[in-house]
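Close look at the chain arrangement
Each chain, written out:
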Amino acid sequence: MKSILKTYRFPLILLLAIVIGSIIGFTQGKDAAVLKPFGDIFLNAMFMIVVPLVFFSISSAIASMGGVKRLGKVMGSMLVVFLFTGVIASVVAMAGVKIYSPSKGVNIELVKPEEAAEKVSLGDQIVQTLTVSDFSELFSRSNMLALILFSVLMGVAVSMIGGKGKPFADFLKSGSEVMLKMVSLVMYYAPIGLGAYFAALIGEFGPTLLGSYLRAVLYYYPLAIIYFFGFFSLYAYMASGKAGVRHFWKNMLSPSLTALATCSSAASIPVNLEASKKMGVPNDISETAVPLGATLHKDGSVMGGVLKITFLFGIFGHDFSGIGTYVLVLVVSLLVGMVMGAIPQGGMIGEMLILSLFGFPIEALPIAAAISTIIDPPATLLNATGDNVASMMTARLVEGKNRMKETVMRLGEQKGA
């Protein structure tokens, strides 16, 4: 019993803080917003760290891979896993719509936004997502994918020049260790920050769940819970069997609570990196898959994209049937999951993409934005924590079945010793 409490002491403290924050939010309502600054301090501290952490972790991981061949295998395997789980999430969400329509009987008055959102072509969206026009703009969480691509190129360049790049590779590795230590220091404040942030979140958005969007809540929240426990367990089993499932869930509490409280995939990166390594994922794989996953791998956003599309289908009287419609919704939901920024309320580009591709009027934008706000906590939970199981599956493809299982079993023996 004492060893269990020692192992789970900090996650249990976080859970207690979340529970206390939730109680305060429910009882105080919007007055709980007075605690939000304490939560913002924690969130901003994590955002402050995440940019250099992503740069150092990805660059050092790739620089130490021992050649472009392993890098290609890791990246290829990772993208296969991202696409596989994204397609599964989309199919599950569409099946859920057939069982329970989220827009049936919903009557929402369309209100034209005061300022029309600027239409951006798909080509411009890709350019803005992958690149920046100035070097200084790289070091912003708003340009996370561009930073990741820069970090990948940096790691490849260091690896390709061999011995001449070793001093710089050592610098990158040292920088990664320093940033992880900073994360551990900031996490001492996490119980206060997460509790305060969750209190404000519940206090502000709790009543909204009882309004016109109740059917969307009743559709998405149970489906997210099923996907979280059911499919994540399946993916962990595919990665390293029963031992992998046990080890995955043993290390999932802190990442889950951080994702729920911050509603940010980016803010969850530091905690996810620590957890994925405890799950037996090699450093070079976890330090590549987790930061990249925060931008490209969002099962929760894929499912949210299906919800928004079908919700608008119902309001505007579109027929949600036929193979062509299903394929189009699947592709668009995958795009929505990939283009959404890894920041709170970062779905505007994805929502504009839905409106433009399906021909919905601009007045529908507030409806999609409201859905994003309501489903943000569970969607972020799936987005962020899904990167851990994706890194396990990537390691399975790269390292092989037996080696991944041996690693997990060895970690389990070390914990039990």
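Residues numbered from 1 in each chain as written. Predicted model: local features only at pLDDT ≥ 70, side-chain atom pairs only at ≥ 80, totals over all residues. Heavy atoms only, no water.

1. Observations regarding the overall build of the chain
The cut-off we apply is this: Note on conventions: DSSP H or I runs of at least 4 residues are helices, E runs of at least 2 residues are strands, and numbering of each starts at the N terminus. Each residue is placed in one exposure class: buried if its accessible area under a 1.4 Å probe, protein chains only, is under 20% of its type's maximum, exposed if it is over 50%, and partly exposed if it falls in between. The contact rule is simple, with two residues in contact once any of their heavy atoms fall within 4.5 Å. Here, Shrake-Rupley sampling with a 1.4 Å probe gives the accessible areas, and only protein chains in the shown set may cover a residue.
For the chain, the count of helices and strands is 16 helices and zero strands. In the chain, which comprises 417 residues, the share counted as buried stands at 52%. Sequence separation of 24 or more characterises 83% of the internal contacts of the chain that already satisfy a separation of 6 or more. Accessible area for the chain stands at about 18700 Å²; split by element, carbon and sulfur atoms hold 66% of it.

2. Focus on the UniProt feature "transmembrane region" (unreviewed entry) in the chain
Note the following rule: UniProt positions are given in the numbering used here, feature names are shortened, and annotations may be inferred rather than shown by experiment.
According to UniProt, the feature "transmembrane region" (unreviewed entry) maps to residues 12-29, 41-62, 74-97, 144-162, 183-206, 218-238, 323-343 and 355-375 in the numbering used here. Secondary structure content for residues 12-29 is 94% helix and 0% strand, while the C-alpha to C-alpha distance between its ends is 25 Å. Here residues 41-62 runs as 100% helix and 0% strand, with 32 Å between its end C-alpha atoms.

3. Considering helix H9 (residues 253-262)
Burial analysis of H9 places eight of its 10 residues in the buried class, the great majority of the element. Those residues of H9 that sit buried are Ser254, Pro255, Ser256, Leu257, Thr258, Ala259, Ala261 and Thr262. Cys263 sits one or two residues past H9 and shows a positive phi near 55 degrees.

4. Here we look at the packing of helix H10 (residues 265-278) against helix H11 (residues 283-296)
The condition that has to hold: A fitted line through C-alpha atoms serves as each axis, taken over the contacting stretch for helices, and the angle formed by two N-to-C directions is quoted from 0 to 180°. Roughly parallel here means an angle under 35 degrees, roughly antiparallel means over 145, roughly perpendicular means 65 to 115, and every remaining angle is called oblique. Crossings are classed by handedness, with left-handed meaning an anticlockwise turn of the near helix from the far one by less than a right angle and right-handed meaning a clockwise turn. Each residue gets one label: Ala, Val, Leu, Ile, Met, Phe, Trp, Tyr, Cys and Pro are nonpolar, Asp, Glu, Lys and Arg are charged, and the others, such as Gly, are polar.
Put simply, H10 and H11 touch, their axes get as near as 9 Å, and they point 160 degrees apart. As the angle between them shows, H10 and H11 are arranged roughly antiparallel. Once H10 is placed against H11, the crossing between them reads as right-handed. Residue-level contacts link Ser265, Ile269, Asn272, Leu273, Ser276 and Lys277 of H10 to Asn283, Ser286, Glu287, Val290, Pro291 and Ala294 of H11. Class assignment of the residues belonging to the contact of H10 with H11 gives a composition of five nonpolar, five polar and two charged.

5. Quick notes on the pattern of salt bridges
Note on pairing: side chains with opposite charge can pair once their charged atoms come close. Selection criterion: Any Lys or Arg side-chain nitrogen located within 4 Å of an Asp or Glu carboxyl oxygen qualifies as a salt bridge.
For the coordinates displayed, the defined rule picks out four salt bridges. For Lys166, the salt bridge is made with Asp170, and the minimal N-O distance between the two is 3.2 Å. Remark: Asp170 and Lys166 occur in helix H6 (residues 166-186); sequence separation between them is four residues, near one turn of the helix.

6. Section: the side chain of Thr394
Considering the arrangement of structural elements, one finds Thr394 in helix H15 (residues 365-399). Classification of Thr394 as buried rests on a relative accessible area of 0%. Residues contacting Thr394, with those up to four places away along its chain left out, are Val74, Ser77, Met78, Val81 and Ile285.

7. Side note on the packing of H9 against H10
Contact geometry for H9 and H10: axes closest at 9 Å, N-to-C directions at 175 degrees. Of the possible angle classes, the one that applies to H9 and H10 is roughly antiparallel. Facing H9, whose interface residues are Ser254, Pro255, Thr258, Ala259 and Thr262, H10 presents Ala267, Ser268, Val271, Asn272 and Ala275. For the contact of H9 with H10, a count of residues per class yields five nonpolar, five polar and no charged.

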